[in-house]
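Analysis of the macromolecular model
As a plain string of letters, each chain reads:
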Amino acid sequence: MTAPPWLAEHWVRLQARVQRGALPHALLLCGPAGLGKRDFLRRFVRGLLCERPRDGEGCGECRSCRLFEAGTHPDFVTLGYALRKDGVQRSEIVVDQVRELSARLAMASQFGGWQVAVIDPADAMNAAAANALLKTLEEPSAQTLLVLLADAPWRLPQTIRSRCQRIEFQLPPAEQALAWLASQGVAQAADALAAAGGNPGLAREWAASGALDRRQEVRKDLAALAAGRGEAMAVIRRWLDSEPAQRLWFAAQAVADEARAQAAGQSPPLASQLDADGLQAWYAAANRTRDALSGPLRGDLLLLELLAGWR
Ligand SMILES: [Zn+2]
């Protein structure tokens, strides 16, 4: 599969660094999920470790490429969520993991080339883990590349961020995103891109998973409730039944559209009785509720409270 066009510039710049022998010891790859930063990184590391790379691309045939594809390259290590002793997956990256990684990076590479370590998601490191990593960042070994991947880089301590060369993946221009979606066979490309807030990777995923129907349904539900039709409990059941967080994202989006239409003096699509301040407050509440869904509170109660403020 060819790489999406919005990655091309990052690729060229990174390869130029490799050519100049100016690859930094630490990279921070960040930006919204869905733009392909993990694929980008795999492609880059494969080329870096390859014994006969062409224009930075791995040849796919050498010992290094074969081991990399098999996930058993001795000079490539990935750190992510580990399992606790009771077999449950941790929700953060802990200090022991980072220490183990640092010890490994302090040793010479097995194949005599680069050693690459990836921490993904780096923003899941807890404070002690981040502190331990700082030591490794301050005393880098030669031919060692540490890559941090983060969807939410602001959660990383500034001391870590400042020691990494940052590669920021941004949403591409709509035209480029639409052309790419068309090349991927996405039928309702414009709707999907709007639903995904301009994120083409997310748009492709959502178009394939019925998200556009859910988006339509959420708008219908909100319009019905605003008109005093429809029943909140039925809406809550429907929303909780499939992809509640995504539905709340769509609900917030719909209300943002409503506020824009009100402000522009156009007929607002949901015909809400809330004024500009009310819409803004509800928008914020919908986003808070979306975050709270992953917490300990009951989803039906959270939604009930949110919808009680909707009219
Ligand atoms: Zn190769």
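None of the values given here were measured: they were computed from a predicted structure.

What follows concerns the packing of aromatic side chains. For any pair of aromatic rings, geometry is given as the distance between the ring centres together with the angle between the planes. This model, assessed by the stated rule, comprises 7 aromatic pairs. Seen from their ring centres, Trp11 and Phe40 are 5.8 Å apart, and the 90 degrees between their planes marks the pair as edge-to-face. On the criterion of sequence distance, the pair formed by Trp11 in helix H1 (residues 8–20) and Phe40 in helix H2 (residues 37–49) is long-range, its members being 29 residues apart. Of the two residues, Trp11 and Phe40, both sit in the buried class. On the basis of an interplanar angle of 80 degrees and a centroid distance of 5.2 Å, the ring pair of Phe40 and Phe169 is categorised as edge-to-face.

Another point: the pattern of salt bridges. Within this structure, the stated rule accounts for 17 salt bridges. Measuring nitrogen to oxygen at the nearest pair gives 3.0 Å for the salt bridge that ties Arg166 to Glu168. The exposure class assigned to Glu168 is partly exposed, which follows from its relative accessible area of 30%. Ionic pairing is found between Asp257 and Arg260, a salt bridge with its closest N-O pair at 2.5 Å. Of the two residues, Asp257 and Arg260 both sit in helix H12 (residues 244–263), 3 residues apart, roughly one turn of that helix.

In this structure, Cys50 (SG), Cys59 (SG), Cys62 (SG) and Cys65 (SG) serve as the protein donors to the zinc ion, at separations of 2.2 to 2.4 Å. Along the chain, the residues that donate to the zinc ion are spaced as C-x8-C-x2-C-x2-C. Using a relative accessible area of 2% as the deciding quantity, one classes Cys62 as buried.

The subject of this paragraph is the domain arrangement of the chain. When cut into domains, the chain gives domain 1 (5–168) and domain 2 (210–308). The C-alpha-based centres of domain 1 and domain 2 are spaced at 39 Å.

All right, on to the layout of surface pockets then. There is about 580 Å³ of room inside the largest pocket. Forming the boundary of the largest pocket are 17 residues, of which Pro32, Ala33, Leu202, Trp249 and Arg290 lie nearest the centre. Looking at the lining of the largest pocket, the elements with two or more residues in it are helix H9 (200–208), H12 and helix H13 (276–292). Taken together, the residues of the lining of the largest pocket sort by class into 9 nonpolar, 3 polar and 5 charged. Mapping the lining of the largest pocket onto the domain boundaries places at least three of its residues in each of domain 1 (5–168) and domain 2 (210–308).

Thresholds applied
- Residues numbered from 1 in each chain as written.
- Predicted model: local features only at pLDDT ≥ 70, side-chain atom pairs only at ≥ 80, totals over all residues.
- Heavy atoms only, no water.
- Phe/Tyr/Trp six-rings, centres within 6.5 Å; stacked < 30°, edge-to-face > 60°.
- Helix = DSSP H or I, 4+ residues; strand = E, 2+ residues; numbered from the N terminus.
- Buried < 20%, exposed > 50% of the residue type's maximum accessible area, 1.4 Å probe, protein only.
- Salt bridge = Lys/Arg side-chain N within 4 Å of Asp/Glu carboxyl O.
- Donors = N, O, S within 2.8 Å, 3.2 Å for Na, K, Ca; no water.
- Domains from an automatic or database assignment.
- 1 Å grid on protein atoms, 1.4 Å probe; cavity = no way out; pocket = protein on both sides within 12 Å on 5 of 7 lines; lining within 4 Å.
- Points joined across faces, edges and corners; volume = space filled by probe spheres on them.
- Nonpolar A, V, L, I, M, F, W, Y, C, P; charged D, E, K, R; others polar.

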